[in-house]
Structure formats: structure tokens, C-alpha cells
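Spelled out, the chains give:
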Amino acid sequence: MRFALTVLGANSATPMPGRFPSSFVLNHHETLFLIDCGEGAQIKMSEFGIRRSRIDHVFISHLHGDHIFGLPGFINSYNLNNRTRPLYLYGPAGLSQFVNHIIDSTRARLSFELVFEEIQGKQYRKILDLPLLEVFAFPLVHRMPTYAYKFVEKHKPLNIRPEAIEKWSMSFAEIQEVKSGGDLLRNGQVITNGQLVLPPANRRSFVYCSDTMFTKTIIPYIQGCDLMYHEATYLHDLAKKARERMHSTAYEAAEIASLGRVKSLLIGHYSSRYKDLQPLLEEARSVFEHSYLATEGSVHHIGTALAVKPHQTPSSKPQD
């Protein structure tokens with residue numbers, strides 16, 4: 001089952017050639033989720049063959065422009081293409097005011113409904129429950145209310161060993177009970193669930209931590225995740241500047257990854273002062289070996305030792 005993150009943009013506030021502001025698309029079993037929507041997100045979707053028509057859920061980390069200025073145009077494109085399904089938007093309080101003000105100011109008449117889920121408070125809480133996936137939000141530490149998002153696969157039904165079905169002549173009802181975690185009773189003997197089923201599949205997880213200063217408060221929420229994206233705006237020689245602006249260094253992002261025992265780290269939100277990103281990667285890897293750069297068009301497969309695929313131009317135009 002596909003579980004992969006495509007980078008549309010991973011620069012900080014000032015765009016530069018080849019580096020657009022923050023925007024990502026997460027693909028879980030061909031259900032697409034947009035995470036932040038900086039300038040140029042739509043251009044990159046077209047360039048990388050992302051089918052916008054498959055996006056029903058948009059997650060905004062905070063209301064700084066480099067994370068939301070692409071959102072009005074994204075919504076308007078849906079309107080031009082006569083979308084009818086609701087679009088669900090998640091983000092801090094004020095998101096609906098921002099979007100609705102632009103819609104009202106431009107006298108747009110949407111062909112579809114916008115459904116807002118505004119997040120407040122400091123609790124770790126579930127904000128979306130889908131058949132195959134759950135999404136949680138928790139606060140980061142930045143200059144304005146900012147939230148991280150954790151995407152976690154749900155437990156899948158257990159798979160019974162084929163030889164067990166034949167050996168114990170299991171009925172349909174017994175099979176369903178065992179798949180739900182139950183044991184099997186035969187002639188007064190209990191055959192435990194572990195003897196009957198194959199090892200359960202791992203629940204893969206991805207955590208998105210956008211703009212934030214270094215904080216250990218997030219460690220319980222990122223613990224053991226397969227892939228964490230964490231901002232790394234500066235090199236550590238500018239740690240003082242990072243703290244003043246409530247951002248993180250590549251060293252600090254890697255330290256959080258190490259403390260959280262995540263499997264792989266993806267760094268981004270690079271300051272435009274860095275024309276070469278390799279020093280940021282080297283600094284992160286000096287602390288946490290499994291660190292990678294978020295580069296536009298790269299695809300990061302979650303739960304597979306982070307296989308990274310470079311961008312390839314699609315042979316045909318994506319359908320929206």
C-alpha cells in the first residue's frame with residue numbers, strides 16, 4: 001500500500017529559483033492530502049503530475065504567508081473546474097477568516113462547500129478519522145499558533161495462517177473472531193491467537209513539524225515514527241538567530257529526531273541565505289545518520305527505509 005510524501009516546496013519565506021515555499025502532498029493508498037500551501041504549489045502539482053482532483057483534505061500548519069499564500073489560488077482553481085465535493089481545511093484559529101475574506105473580497109461564488117476544522121489549545125488530539133488512516137494535531141513553538149500533524153495508519157485485520165484454517169477446520173465465524181484478535185477453542189483446548197495468525201503489519205506513520213524552535217515537548221508525539229519532517233532554517237552557527245526568530249537549526253532538528261528515535265528525518269524550510277544545501281544535510285547527519293534533504297519533486301516512501309525517488313516529468317498532463 002503506497003504511503004509517500006512528495007515535496008512541492010521546502011524553502012523559507014523568500015522564494016528563489018528551484019526552491020518554492022512550503023508545500024507537500026502525502027499519498028496514502030491513492031488518497032492525497034495537501035500539507036501547507038505556499039506560493040507556486042499549483043505549478044509544482046502540475047509539474048510533478050499530482051492529481052489535484054484527488055485532494056479532499058488540506059492541512060495548514062500556521063498562518064504565515066509562506067505556508068498559506070498559495071491557498072486562495074488553489075481554491076479558485078477548483079471553482080474554475082466546477083468542483084462539487086466539499087473541501088476540508090484544518091489549521092489554527094483564523095484560517096476560515098483568512099480564506100472567507102478573500103472569497104468575499106473577490107466576489108467568488110464557490111461551486112463547492114469549504115468545511116473548516118480550526119485547532120486551538122495545547123492538547124494532542126485526533127482531528128480526522130478515515131477508514132485507513134488517522135490524523136492527529138499537536139502544538140509547536142513559534143511566533144504564532146502553529147500545529148504539527150501526525151498521520152498514522154490504522155490497525156489492519158490480522159491475517160490467519162492458511163495451514164491453521166485447514167488444521168482446525170475453522171468456520172467462517174471462527175475465522176472472523178480470530179482475525180479480530182480472539183483465540184480458538186477446540187475440544188476444551190485453547191489455541192491462542194498468536195499460534196493462528198501471521199505477525200501483524202506495522203502501522204506506518206509520518207509527522208510534519210513545520211516552523212518551530214527546538215522543543216523537547218514534541219518527543220512523546222513523534223516517538224518511533226517512520227518519517228518526520230522538521231524545519232531546519234539555519235546552520236547551528238546561527239543558533240542564536242534561530243531562537244530569536246523561533247526557528248530551528250539543522251543540528252537541532254537532528255537532535256529531536258535522535259531523541260524521538262524516529263526512523264528517518266527530512267529537513268526543510270531553508271533560509272535563502274544558503275545557496276548550497278549540502279552543509280545543512282552534513283550538519284544534520286553529524287547527529288542523526290538517517291537525515292535527508294527535502295528537495296522539490298523528491299518522493300519519500302514512508303516505512304521502507306526512506307527510499308527517495310527524484311522528480312520525473314510526467315508524460316501526460318495530469319487531470320484535474
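Residues numbered from 1 in each chain as written. Predicted model: local features only at pLDDT ≥ 70, side-chain atom pairs only at ≥ 80, totals over all residues. Heavy atoms only, no water.

Draft legend 1. Structural context of the side chain of Ser77. Within the element layout of this structure, Ser77 appears in helix α3 (residues 71–80). Here Gln42 takes part through its side chain, which lies 2.5 Å from a polar atom of the side chain of Ser77. Apart from the residues lying within four places of it in its own chain, the contact partners of Ser77 are Gln42 and Arg52. (Helix = DSSP H or I, 4+ residues; strand = E, 2+ residues; numbered from the N terminus. Polar contact = N/O pair within 3.5 Å; in protein donor to acceptor, adjacent residues only side chain to side chain. Contact = heavy atoms within 4.5 Å.)

Draft legend 2. Representation of the nonpolar core. Counting residues in each nonpolar core, the largest one holds 57 residues, and the members touching the most others are Tyr149, Phe151, Phe206 and Met228. Excluding anything up to four places from it in sequence, Phe151 contacts Phe3, Leu26, Phe33, Ile35, Phe59, Leu133, Glu134, Val135, Arg204, Ser205 and Phe206. Ranked by size, the runner-up nonpolar core spans 24 residues in total, among them Leu32, Leu34, Cys37 and Phe74. (Core = buried A, V, L, I, M, F, W, Y, C linked by side-chain atoms within 4.5 Å. Buried < 20%, exposed > 50% of the residue type's maximum accessible area, 1.4 Å probe, protein only.)

Draft legend 3. Up close: the side chain of His300. On the secondary structure map, His300 appears in strand β16 (residues 299–301). A distance of 2.8 Å separates the side chain of His300 from the side chain of Ser298, its partner in a polar contact.

Draft legend 4. Region of interest: α3. Looking only at α3, the buried set comprises Leu71, Phe74, Ile75, Ser77, Tyr78 and Asn79. Following α3 by one or two positions, Asn82 adopts a phi angle in the positive range, close to 60°.

Draft legend 5. How the structure looks around the sheet that holds strand β9 (residues 147–153). Pairing is mixed across the open sheet formed by seven strands, whose spatial order is β7-β8-β9-β12-β13-β14-β15. Edge positions in the sheet fall to β7 (125–129) and β15 (291–293), since each has one partner strand and no second. Sheet twist, expressed as the average angle between the axes of neighbouring strands with direction ignored, equals 20°. As paired elements, β7 and strand β8 (residues 133–139) share four bridges and run antiparallel to each other. Its bridge partner lying in β8, Asp129 is registered against Glu134. This element, helix α11 (residues 278–285), spans β14 (264–268) and β15 of the sheet and lies at about 165° to β15. (Pairing = 2+ DSSP bridges. Axes fitted to C-alpha atoms, helices over the stretch in contact; angles between N-to-C directions.)

Draft legend 6. Summary view of the state of the cysteines. Under the definition given, this model contains zero disulfides. Not engaged in a disulfide, the cysteine Cys37 finds its nearest cysteine sulfur in Cys209; these two sulfurs lie 20 Å apart. Free cysteine: Cys225, not disulfide-bonded; nearest cysteine sulfur from Cys209 at 7.9 Å. (Disulfide = S-S within 2.5 Å.)

Draft legend 7. Inspection of the pattern of salt bridges at higher detail. Summed over all chains, the structure comprises 13 salt bridges. The closest approach of N and O atoms between Glu296 and Lys44, which form a salt bridge, is 3.0 Å. Taken together, the residues span a long stretch of sequence, with Glu296 in the loop between β15 and β16 and Lys44 in helix α1 (residues 41–47) at a distance of 252 residues. Lys44 matches Glu296 in its accessibility class, with the two residues each being buried. (Salt bridge = Lys/Arg side-chain N within 4 Å of Asp/Glu carboxyl O.)

Draft legend 8. Region of interest: the packing of helix α10 (residues 250–259) against α11. Viewed as axis vectors pointing N to C, α10 and α11 meet at an angle of 35°, and their least axial separation amounts to 8 Å. For α10 against α11, the interelement crossing comes out right-handed. Residues Ala250, Tyr251 and Ala254 of α10 lie in contact with α11, whose contacting residues are Leu280, Glu283 and Ala284. Residue composition of the contact of α10 with α11, by class: five nonpolar, no polar and one charged. (Left-handed = near helix turned anticlockwise from the far one by under 90°. Nonpolar A, V, L, I, M, F, W, Y, C, P; charged D, E, K, R; others polar.)

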